[in-house]
Each structure stands twice: as C-alpha cells, then as structure tokens.
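As a plain string of letters, each chain reads:
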Amino acid sequence: MSMILFLIVMVIIILAAAIYAILQKDLLYAVLATGVISVILSIFFYLLQAPDVAITEAAIGIALTTIIFIITIRNTTRDEDEYTDNHVEKFSKKK
Amino acid sequence: MLKKYIIFALIAVLGFYLASTFKAIPFGANRLGDLNNPETVSAFYLQKSPEDLHVANTITAIVVNFRGFDTLGEVTVLFLAVTGLMSILYRKEEEETEERLAIPSSSLVRTGAKILFPLILVLGIYVFVHGHLTPGGGFQGGAIIATGFLLMLITYKTFYTNHNVMTWLESIAGLGFVAAGLYGLIVYGSFLQNTAWTGNLNDLISGGLIPLIYIFIGIKVGTELTSVLDTLLNIKPRKK
Amino acid sequence: MMEFSEIFFKYKDLISIAVYGTAIMLIIIGLYGVLLKKHLVKIAIGLSIMDSGINLLFVAVGYIQNGTAPIFSPGHEGDVAKMVDPVPQALVLTAIVIGFAVTALALSLIIRLYKHHHTANIDQINSLKW
C-alpha cells in the first residue's frame, strides 16, 4: 500500500512541476522545475527496472540540462514578458 | 484567440488518441514470447547475449554489438551537434573576455570541489570500464565525467580545459570506434563483427571488443559534453 | 508491507493509468508549451518536457510485471524468464544523450538570436516577415 501511495505522490509532483515549468513567468524557476521533473523521472526508470536509463537521466537530466538552460538565461532574459527598449523604438518608428 | 482554441482542440484530440492507443497495449504484459526458440527480437537478444557474447549486461550488448552501427551513427549526430554549437558560438580572440564568475566562490566550495573532482572522475571511469558487467557504460560514464568538469568550471575562475588535449582525445576515440568496426570487417567479414574469443560471463575482460568500444564511446562523450559546457560558460555575459 | 507483486495484481489498472497517464500528460503539457508560448527559452523547456514524456512511454511499454533488470549478475543467470524487454531501454539510453546535444544546439541558436535582435520573443523577431 505504501508503494501505491509513493507512486501517486510521485505522479502528483511530476505533473505539478511540469505545469509550473510551463506557466511560471520567471524562467529561472521554470528551469529548476524541469530539474525536479528529471529527479522524479529517474526514480520512475529505476522502478520500471531500467537502471541504465536511470543513471543516464540522473547525470544528464538533472545536472547538465539544467546548467545549460541557466547559462542561456544568463545570456538572454530572465523575465518571460520582457520587451526591450530597442524594440519599443523600432515599433514606434514603424508607426 | 481563435488560434488558442484550435490548439486546445488539437491537443485534446492528440491526447485522446494517445490514451486510446495505449489502452490497447496492456501495461506489464509479457510480450517476449518463448525465450528458448526466440521469435521476437528482444528474446533473441536476451538469449544470445550471455551465450554467444558472454556479456552480462544485455543493454550493453544491444547498444555496442547488435545495434553497433546505429550507435556509430548516434555518436556522429552528437559530434555534429557539438561542432555546430561551437561554430555558432565562435568568438574571435581579439574580443576582450570578461570574468566567468562575477563573485568568487567561497573557500569551502573551492576545497570541496577540489576533493570531489578526482572522485567523480574515478566514478565515471569505473562506470564505463564496467559497462558490460553492471548498469552503466560509455554514455553514462561520459556524462558523469562531464559533471565533474562542470563542478570545476563553475567553482574556479582560472580552470580552463586544454583544447588541444580535448581535440586529440576526441579524435582518437572516434577513430578507435571506426577501427574496431573495420577490424571486424577485415577479419570476420562484416562491420563491427565481434571477435571469436569472448571470455567467460561476468569476467572483467570478456565480451571481445565490447568493453574496448564502450571505453572509446565514454571518452568521446565525456570530452564532447565537457567542450559544450566549456564553450557555453565562456560566453561574454550580457551588459547590465 | 505487502510484496510488490501482490500490490501489482490488486491495483493493476491504477498503476497502468499512473505510468501511462504521466507519460501522456508530460507529452501534452510539453506540446502546449511549444505551441502557445512566445519566449524561445520557454519553447526549449517545452521540447525538453516532451522528450522526457516520450522516454518514459518507451520504458513503460517494455516493462514486464515482477520483472528484473536485464543483467545477468553472478548467481542470477537463470532469471532470464523474468527479465524486462531490453530493446526500449537501449533505444532510450542513446535518445537521452542525443536529446541533450540537440537541446544545447538549440540554446546556442537562441543565444545568437538574442545577441542579434536583442529579444527572445518570437513575435518581435520579425526581420523575415512579409
């Protein structure tokens, strides 16, 4: 029974993290939520008797994918709805 | 607004058809068939891996031997993706580079990283050397080695990977994979054919060419992922 | 605490819905992000979530109840009848690594686009619009 409870909690966490990652406007939090998805997915793979895939997901999904997204956010914008000044000028010129 | 409703309808239709498709595939049912007279490809692999190749980890046998040509193609895709990334983010030498880290790490983090780095490297090398015996292999070991380098790159300002060493290691590993394939083609008549001598099940030196090829894949994946992180971390940060 | 096999027979439908449902929901959530979000990094996150869902679906199709991992460890060479399907695992293994490399390539393109246009919003990048 505790196994079923554990499974249900995992499903709730992974779906909540996925929805949060899509809806959150602050991209840094969204990227960290994808890291949470990878953690739970790694446990799923282990329970489905796929230890090789679990190791790969743990190393790549949790550490490497998260860090390259964070580097990209550092080089672009952190806020999803950010409109830069440059473009305000561009649009005003057209009109 | 209409576009949004069309997309919602599309997603609903897709979800319905995915769900109804996978309702027809029972979860947890045994679809392998008879293992002694294999009719499915999975049963064939499960039977041949310990008997002919003497490899304990069936997934390693599939990735490196049964589907070895496929893996060579995937390693090539990885190489092309990394080459594309480095040429897109290419920066001329003259441009002045800013510091990678705005704030230096604390001495606790620096000492901890220095202690952990060799241990992570040893774990990665263990994972790909024992790829044919335990869960693990070249792809996993390479990823673990890349996380070790990542720890050093984000902790130390002055830590840089040597590009010449990286290029040579990567090239030698790629050539080694192709050379192992050509050895099979010349001696046994088909590309990536394993050697006739395969040792005993669960010995460290067993499985013919399989451990050798997985070590090459491990070095190749490790150096490529490390170069990705090195290139991305050395971009000049945006102006505030 | 009951054995996992007993639980499996008792709650077979629930486990099946939980695992397949999670995979399908991840694919759908990722697709929603790809189609409706405007920020390029958000689109890359959506693609990454879709990737995770497809990997989980593949491994779930290969699972066999009460199965063991397809590894002939010492003392368990006779367990071949209980082993799960190894082919989907071998496919997913390489797919994760390739997925990482392709994500890195996409993100490098996003960084270049941002440097050129000073925005990462796809509605504002309109130099080729007619």
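For the structure given in this document, a descriptive report is provided here. (Residues numbered from 1 in each chain as written. Chains lettered and ligands numbered in written order. Predicted model: local features only at pLDDT ≥ 70, side-chain atom pairs only at ≥ 80, totals over all residues. Heavy atoms only, no water.)

## Quick notes on the overall build of chain C
Along its length, chain C carries four helices and zero strands. Start at the N end of chain C and walk to the C end: the helices and strands fall as α-α-α-α. On C-alpha atoms alone, chain C measures out to a radius of gyration of 21 Å, which is more than a quarter above the 14 Å that the 2.2 N^0.38 rule sets for 130 residues. With respect to the principal axes defined by its C-alpha atoms, chain C has extents near 65 × 30 × 25 Å. For chain C, buried positions account for 58% of its 130 residues. Taking the intrachain contacts of chain C between residues at least 6 apart in sequence as the baseline, contacts between residues at least 24 apart amount to 53%. As displayed, chain C has an accessible area near 5,400 Å², and 65% of this comes from carbon and sulfur atoms. (Helix = DSSP H or I, 4+ residues; strand = E, 2+ residues; numbered from the N terminus. Rg over C-alpha atoms; globule rule 2.2 N^0.38 Å. Buried < 20%, exposed > 50% of the residue type's maximum accessible area, 1.4 Å probe, protein only. Contact = heavy atoms within 4.5 Å. Areas by Shrake-Rupley, 256 points an atom, 1.4 Å probe, with all protein chains shown as cover.)

## Brief notes about the layout of surface pockets
Roughly 350 Å³ of volume is contained in the second largest pocket. As for the second largest pocket, its lining consists of 16 residues, and the residues nearest its centre are Phe22 and Lys23 of chain B together with Ser16, Ile17 and Tyr20 of chain C. Contributions of two or more residues to the lining of the second largest pocket are made by helix 1 (2-23) of chain B together with helix 2 (12-36) of chain C. Broken down by element, the lining of the second largest pocket gets its largest block of residues, nine residues, from helix 2 of chain C. Split into classes, the residues belonging to the lining of the second largest pocket amount to 10 nonpolar, three polar and three charged. (1 Å grid on protein atoms, 1.4 Å probe; cavity = no way out; pocket = protein on both sides within 12 Å on 5 of 7 lines; lining within 4 Å. Points joined across faces, edges and corners; volume = space filled by probe spheres on them. Nonpolar A, V, L, I, M, F, W, Y, C, P; charged D, E, K, R; others polar.)

## Let's talk about the pattern of salt bridges
Residue and element names in this part refer to chain B. With the rule as written, the count across this model stands at seven salt bridges over all chains. One salt bridge in this structure joins Asp52 and Lys48, with 3.7 Å as the shortest N-O distance. Residue Asp52 and its partner Lys48 are located together in helix 2 (residues 41-53), separated by four residues, close to a single helical turn. Across the pair Glu224 and Lys220 runs a salt bridge, and its minimum N-O distance is 3.5 Å. Of the two residues, Glu224 and Lys220 are both situated in helix 8 (residues 210-233); the distance of four residues between them amounts to about one turn of the helix. Per residue, the accessibility class of Glu224 equals that of Lys220, and both read buried. Residues joined by salt bridges that share partners form a network here, namely Glu170, Lys220 and Glu224. (Salt bridge = Lys/Arg side-chain N within 4 Å of Asp/Glu carboxyl O.)

## Describing empty space enclosed by the protein
Scanning the entire structure with this criterion turns up five cavities of 30 Å³ or more. Considered as a void within the structure, the largest cavity measures approximately 220 Å³ in volume. Each residue belonging to the lining of the largest cavity can be placed in one class, and the counts come to five nonpolar, 11 polar and two charged.

## Some remarks on the environment of Leu123 of chain B
Relative to the assigned elements, Leu123 of chain B resides in helix 5 (residues 107-129). For Leu123 of chain B, a relative accessible area of 44% corresponds to the partly exposed category.

## Comments concerning the interface of chain A and chain B
Interfaces are often sized by the amount of accessible area the parts lose when they come together. At the interface, 16 residues of chain A touch 20 residues of chain B. On the chain A side of the interface with chain B, the three residues burying the most area are Asp52, Leu64 and Arg74 of chain A, jointly 35% of the side's total. Across the contact surface, chain A and chain B share zero salt bridges. Inspection of the region where chain A meets chain B yields three residue pairs in polar contact (both at pLDDT 80 or more). Within the side of chain A that touches chain B, the residues separate by chemical class into 11 nonpolar, three polar and two charged. (Buried area = accessible area lost by both parts, 1.4 Å probe. Polar contact = N/O pair within 3.5 Å; in protein donor to acceptor, adjacent residues only side chain to side chain.)

## Notes on the side chain of Glu80 of chain A
Tracing the backbone shows Glu80 of chain A in the loop between helix 3 (51-75) and helix 4 (85-94). Looking at Glu80 of chain A, its side chain comes within polar contact range of the side chain of Lys42 of chain C, at 2.9 Å. If sequence neighbours within four positions are ignored, Glu80 of chain A has contacts with Gln24 and Lys25 of chain A together with Lys37, His39 and Lys42 of chain C.

## Describing the interface of chain C and chain A
At the interface, 54 residues of chain C touch 51 residues of chain A. When chain C packs against chain A, the two sides together hide about 4,700 Å² of surface, and 75% of this comes from carbon and sulfur. The largest contributions to the chain C side of the interface with chain A come from Lys42, Phe100 and Gln124 of chain C, which together make up 13% of the buried area. Linking chain C with chain A are one salt bridge. Ionic pairing is found between Glu80 of chain A and Lys42 of chain C, a salt bridge with its closest N-O pair at 2.9 Å. Our count for the chain C to chain A interface comes out at seven residue pairs in polar contact (both at pLDDT 80 or more). At the level of elements, helix 1 (4-10), helix 2, helix 3 (40-61) and helix 4 (86-117) of chain C are the ones that each hand at least two residues to the side of chain C that touches chain A. No other element matches the 13 residues that helix 4 of chain C contributes to the side of chain C that touches chain A.

## As for the environment of Gly35 of chain A
Residue and element names in this part refer to chain A. The topology assignment puts Gly35 in helix 2 (residues 27-47). Each C-alpha atom of the pair Gly35 and Ala63 lies 7.9 Å from the other, and the pair is 28 residues apart in sequence. Not counting chain neighbours up to four residues away, the residues in contact with Gly35 comprise Ile62 and Thr66.

## Digging into the packing of helix 2 of chain C against helix 3 of chain C
Residue and element names in this part refer to chain C. Across the interface, helix 2 lies against helix 3 with an axial gap of 7 Å and an inter-helix angle of 160°. Compared by their axis directions, helix 2 and helix 3 come out roughly antiparallel. Along this stretch, helix 2 crosses helix 3, giving a crossing that reads as left-handed. Residue-level inspection shows Val19, Tyr20, Thr22, Ala23, Ile24, Leu26, Ile27, Gly30, Leu31, Gly33 and Val34 of helix 2 in contact with helix 3, the latter providing Ile43, Gly46, Leu47, Ile49, Met50, Gly53, Ile54, Leu56, Leu57, Ala60 and Val61. For the contact of helix 2 with helix 3, the class distribution of residues is 17 nonpolar, five polar and no charged. (Axes fitted to C-alpha atoms, helices over the stretch in contact; angles between N-to-C directions. Parallel < 35°, antiparallel > 145°, perpendicular 65-115°, else oblique. Left-handed = near helix turned anticlockwise from the far one by under 90°.)

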